[in-house]
Amino acid sequence: MKMVIAILNADDAPTVVHNLMKDHFSVTKLATTGGFLRTGNVTILVGADDEKIPELIEIIKVNSHSRKQMIAPTAEPGLSFYPTMPIEVVVGGATIFVLNVEQFEKV
């Protein structure tokens, strides 16, 4: 058995969760914040048998899209780089961790 932890863009999370549940995966969804832009993310936790992991990862890949976004320049103390024009960055996609589970119990 494996535990999959996936960090998703908040815009992609509803579609990812819907499609995982449609394929009978049990999903726990957590609202999280972090990353370069400190934007809203969603972290999902999914336990699955080893043979189901490729299918689970494929669902996440198909439904998590990277996209370009413009950010306004900011001046933070201690930084020597101060852009004068908006910067285009790539956001979205997913970060996926697959962990071994030593023990699993339903109580």
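Quick note: structure is the one above.
Summarised in this report is the structure supplied together with it. Since the model is a prediction, treat every value here as computed from it, not as a measurement.

### Quick look at the overall build of the chain
Here comes step 1: Scanning the chain from terminus to terminus reveals 2 helices and 6 strands.
Here comes step 2: For the chain, with 107 residues in total, the buried portion stands at 27%.
Here comes step 3: Restricting the contact set of the chain to residue pairs at least 6 apart, pairs at least 24 apart contribute 67%.
Here comes step 4: Accessible surface for the chain amounts to roughly 7,500 Å². Of this, 56% is attributable to carbon and sulfur atoms.

### A look at the environment of alanine 31
Here comes step 1: Among the structural elements, alanine 31 can be located in strand β2 (residues 27-34).
Here comes step 2: Assessed through its relative accessible area of 77%, alanine 31 is described here as exposed.
Here comes step 3: A sequence separation of 10 residues divides alanine 31 from asparagine 41, and the C-alpha atoms of the two residues are 6.2 Å apart.

### Overview of helix α2 (residues 53-63)
Here comes step 1: Looking at α2, one finds that the buried residues are Ile53, Leu56, Ile59, Ile60 and Asn63. One side of α2 carries all its buried residues, which in axial view fall inside an arc of 130 degrees. Opposite the packed face of α2, turned more than 90 degrees from it, sit the exposed residues Pro54 and Lys61.

### A word on helix α1 (residues 13-22)
Here comes step 1: Taken as a whole, α1 has its buried residues at Ala13, Val16, Val17, Asn19 and Leu20. Projected down its long axis, α1 carries its buried residues within an arc of 165 degrees, all on one side. For α1, the exposed residues lying more than 90 degrees away from the buried face are Pro14 and Lys22.
Here comes step 2: Directly after α1, the chain includes histidine 24, whose backbone phi takes a positive value near 70 degrees.

### Let's talk about the nonpolar core
Here comes step 1: In this structure, Leu8, Leu20, Phe25, Ile44, Val46, Leu56 and Ile60 are the most contacted members of the largest nonpolar core, which totals 16 residues.
Here comes step 2: Contributions of two or more residues to this core are made by β1 (2-9), α1, β3 (39-48) and α2.
Here comes step 3: Apart from the residues within four sequence positions on either side, leucine 8 is in contact with Ala13, Val16, Asn41, Val42, Ile44, Ile60, Ser64, Gly93 and Ala94.

### Points about the side chain of asparagine 9
Here comes step 1: Residue position: asparagine 9 is located in strand β1.
Here comes step 2: A distance of 2.8 Å separates a polar atom in the side chain of asparagine 9 from the backbone nitrogen of aspartate 11.
Here comes step 3: Setting aside residues up to four positions removed in sequence, asparagine 9 forms contacts with Gly40, Asn41, Arg67, Val91, Gly92 and Gly93.

### Details of a nonpolar patch on the surface
Here comes step 1: Together, Ile7, Phe97 and Leu99 make up an exposed nonpolar region whose accessible area comes to about 240 Å².
Here comes step 2: As for its position among the elements, phenylalanine 97 is in strand β6 (residues 94-100).
Here comes step 3: On the basis of relative accessibility, which here comes to 41%, the residue phenylalanine 97 falls in the partly exposed class.

Each value, and the rule that gives it
- Residues numbered from 1 in each chain as written.
- Predicted model: local features only at pLDDT ≥ 70, side-chain atom pairs only at ≥ 80, totals over all residues.
- Heavy atoms only, no water.
- Helix = DSSP H or I, 4+ residues; strand = E, 2+ residues; numbered from the N terminus.
- Buried < 20%, exposed > 50% of the residue type's maximum accessible area, 1.4 Å probe, protein only.
- Contact = heavy atoms within 4.5 Å.
- Areas by Shrake-Rupley, 256 points an atom, 1.4 Å probe, with all protein chains shown as cover.
- Arc of directions from axis to C-beta.
- Core = buried A, V, L, I, M, F, W, Y, C linked by side-chain atoms within 4.5 Å.
- Polar contact = N/O pair within 3.5 Å; in protein donor to acceptor, adjacent residues only side chain to side chain.
- Patch = residues over 30% accessible without salt bridge, like charges linked within 9 Å, V, L, I, M, F, W, Y side chains within 5 Å.
- Salt bridge = Lys/Arg side-chain N within 4 Å of Asp/Glu carboxyl O.

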